[in-house]
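The chain contents come next:
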Amino acid sequence: YQACEAQKRKPRRPRVLRRVCMLAATFVLASALAVGALAVPDLAEKLSMLSRQTLSYLRPVEKEKTASSIRAEVIAAMNDGDTVIVYVSLQDISGKGRLDDSVQSQGMMLEGLDTVSQDNVYQKDDGTVIMRIVGQSDKADLSGRKVTLKLDTLLSQNEYLPMQDTGYTVADIVAQNPNPVISGYLPSSCYSLYGDISGTLYNLLESGKIPALQPSGQMTADTVPWARVRSAGVVDGLLHILQEPDQEYWYNSAEYVLGDAAGNGYDTETAVVKYGELDKAQKNRWSDGMQWNEQLLELPSNVAYSDMHLYRNMNTYGVYIQDEWDVTFTLQQVTPAVRAACDKDMGTWRMESIAVSSIGVTITGTGQLSDNMDSPDVTVTMADGTTIQETDSWMSSMTAVDDEGNTSENNGRILHKYLFEEPIAQNQIRSVSVNGEVVWQAQ
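Residues numbered from 1 in each chain as written. Predicted model: local features only at pLDDT ≥ 70, side-chain atom pairs only at ≥ 80, totals over all residues. Heavy atoms only, no water.

Throughout the structure, instances matching the rule amount to 11 salt bridges. As a salt-bridge pair, arginine 71 and glutamate 64 come within 3.4 Å of each other at their nearest N and O atoms. Accessibility expressed as a relative area gives 26% for arginine 71, which makes it partly exposed. Connected via shared salt-bridge partners are Asp42, Lys46, Glu62 and Glu73. (Salt bridge = Lys/Arg side-chain N within 4 Å of Asp/Glu carboxyl O. Buried < 20%, exposed > 50% of the residue type's maximum accessible area, 1.4 Å probe, protein only.)

Assignment of secondary structure puts asparagine 79 in strand β4 (residues 70–79). The exposure class of asparagine 79 is buried, given its relative accessible area of 2%. Polar side-chain contacts of asparagine 79 include one of 3.0 Å to the backbone nitrogen of glycine 81. At 3.0 Å, the side chain of asparagine 79 and the backbone oxygen of glutamine 332 are in polar contact. (Helix = DSSP H or I, 4+ residues; strand = E, 2+ residues; numbered from the N terminus. Polar contact = N/O pair within 3.5 Å; in protein donor to acceptor, adjacent residues only side chain to side chain.)

Bringing the packing of aromatic side chains into the picture now. Taken as a whole, this structure holds 4 aromatic pairs when the rule is applied. Each ring, one from tyrosine 249 and one from tyrosine 251, has its centre 6.1 Å from the other, and the planes form 55 degrees; the classification is tilted. Relative to tyrosine 320, the ring of tyrosine 251 lies with its centre 5.0 Å away and its plane at 40 degrees, an arrangement referred to as tilted. Residue tyrosine 251 is found in the loop between β15 (238–245) and β16 (253–259), and its partner tyrosine 320 is found in strand β19 (residues 309–330); the two are separated by 69 residues along the sequence. Assessed through its relative accessible area of 12%, tyrosine 251 is described here as buried. Look at tyrosine 320 and you get partly exposed, because its relative accessible area is 25%. (Phe/Tyr/Trp six-rings, centres within 6.5 Å; stacked < 30°, edge-to-face > 60°.)

With that settled, consider helix α5 (residues 200–207). Among the residues making up α5, those that are buried are Leu201, Tyr202 and Leu205. Down the axis of α5, the smallest arc covering the buried residues is 100 degrees, so these residues share one side. Against β12 (191–194), β15, β17 (270–277) and β18 (290–298) lie the buried residues of α5. (Arc of directions from axis to C-beta. Contact = heavy atoms within 4.5 Å.)

For residues with low pLDDT, the predicted coordinates do not support detailed interpretation. On average, residues of the chain score 82 in pLDDT, and 81% of them are at 70 or above. Predicted confidence for residues 5–35 stays below pLDDT 50, and this span has 104 contacts to residues more than four positions away or in other chains. (pLDDT = per-residue confidence, 0-100.)

The next thing to look at is the sheet that holds strand β9 (residues 129–136). With respect to topology, 5 strands assemble into an open sheet ordered β3-β4-β5-β9-β8, the strand pairing being antiparallel. Here the strands that pair on one side only, and so sit at the sheet edges, are β3 (59–67) and β8 (115–123). For this sheet, the mean angle separating the axes of adjacent strands, direction not counted, is 20 degrees. In this sheet, β9 lies alongside β8 in antiparallel orientation, the contact comprising 7 bridges. Note on β9: the bridge partner recorded for glutamine 118 is isoleucine 133. (Pairing = 2+ DSSP bridges. Axes fitted to C-alpha atoms, helices over the stretch in contact; angles between N-to-C directions.)

Next up on the list: the nonpolar core. If you look at the biggest cluster of nonpolar residues, it comprises 30 residues, and the most contacted ones within it are Val86, Leu90 and Phe329. Looking at this core, the elements that each hand over two or more residues are β3, β4, β5 (83–92), β9, β10 (146–169) and β19. Per-element accounting of this core gives the leading share, 5 residues, to β19. Discounting residues that sit within four places of it in the chain, valine 86 has contacts with Val74, Ala76, Ala77, Leu110, Met131, Arg132, Ile133 and Phe329. With 22 residues, the next largest nonpolar core counts Cys342, Ile354, Val361 and Val378 among its residues. (Core = buried A, V, L, I, M, F, W, Y, C linked by side-chain atoms within 4.5 Å.)

Tracing the chain through its elements places glutamate 324 in strand β19. On the accessibility criterion, glutamate 324 (43% relative accessible area) is partly exposed. Ignoring sequence-local partners within four residues, the contact set of glutamate 324 consists of Lys65, Ala67, Leu151, Asp152 and Arg285.

Mapped onto the fold, methionine 219 is located in the loop between β13 (211–213) and β14 (227–235). Residues methionine 219 and glutamine 176 lie 43 residues apart in sequence; the distance between their C-alpha atoms is 5.8 Å. Residue contacts for methionine 219: discarding those within four places in its chain leaves Tyr168, Ile173, Gln176, Asn177, Val229, Arg230, Ser231 and Ala232.

A word on unusual backbone geometry. Glycine aside, a negative phi is what most residues show, and trans is what most peptide bonds show. The backbone phi angle of serine 69 is positive, close to 60 degrees, even though this residue is not glycine. Within the secondary structure, serine 69 is located in the loop between β3 and β4. For asparagine 302, which is not glycine, the phi dihedral falls at a positive 60 degrees. Along the chain, the position of asparagine 302 falls in the loop between β18 and β19. When its relative accessible area of 84% is taken as the criterion, asparagine 302 is described as exposed.

So, on to the sheet that holds strand β27 (residues 429–434). Here 4 strands make up an open sheet; going across it, the order is β24-β23-β27-β28 and the pairing antiparallel. Both outer strands of the open sheet, β24 (387–389) and β28 (437–441), are each paired with one neighbouring strand and no more. Mean inter-strand twist for the sheet, computed between neighbouring axes without regard to direction, equals 25 degrees. Both strand β23 (residues 378–382) and β27 contribute to a ladder of 5 bridges, which runs antiparallel. In the strand pairing of β27, threonine 379 is matched with serine 433.

Pasting the structure below:
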């Protein structure tokens, strides 16, 4: 759970990614389209990791932009009206081999679409990296629309090292800093909570009554140069660790957790509060611009301080390239999805229609999303009797928008998109059920 200043007046319901998995399988838009990538030998070579069936439905794009000796090319795309799948290649033409399959773009967006995410990343033998990017529109229709892919700041050569022993126990920290110096309270405007929003830590964060450490404590550590510990201590039953991040290395992180001597983490809640806004002149373009990062660790009950070992999860990137890559292209027309009206009570909102395509299921309705609402459970039954459950999907998402298509915190239009893990033949779909009730059936 995350909360920041822009959301705190009343957090609008963000798009909820109920299930996101990295899968090697790919989508196929199974509709009657013109000649696809399979018929273009150059594209078939560029996307050689994909199946022939997938290639047969992709629409060639082949537009590129080079910056900082990185060539970014939109190879091909496909869409079903409100969701677009784009394949992008990144090639390091400097010969330095800076890219690998952990590449990310901090400023990635598809201009003209409401949300964008990156899932599969493939690295070819020649070092070229292929990313699959998914964009969704709350307004539709994407057919024939001109969009611009923008990449800003590439990160690569990621290394994640979990449960690195710091050599400290909570007893050691208390011994070094038995009376931590307090400086006011932590703000409730911007924090991340790893726990239950109905739990004690969430209520404390919302109350704004958690003491803040003064950044000159007796217990300090410089073992992580880009996230130095300026103070640490136990206050009111919580272990506080105050870090001062280096803004130039905003992409690296050190997360502290508690565990036993064998390195098994305790099942306790943690949170991170960021505060102390820096002057704009000191900010890196993608850093959060906050001077302090105070981590809060709930102490496990009935465990001695000497048995609470402090571990560090390290997440770092060896390559950081700041530049801009933008490519504009036009999405092809697609065969419309099968649509049906329906009327189903979903609690705080009402389901009104459903659309089924080869790429997924789209549910629409009106009402309001609640903070603890789950996405509807969708089941697709095929002609041979097999079923596709939502737990088999690559991703599902929910959001609420107003009449202008803007995200709404009040009553609005509800959109739920369920994307299939694997391509399916639209004419083989026999029925779709939502929460156990059939809402669409082939005639």
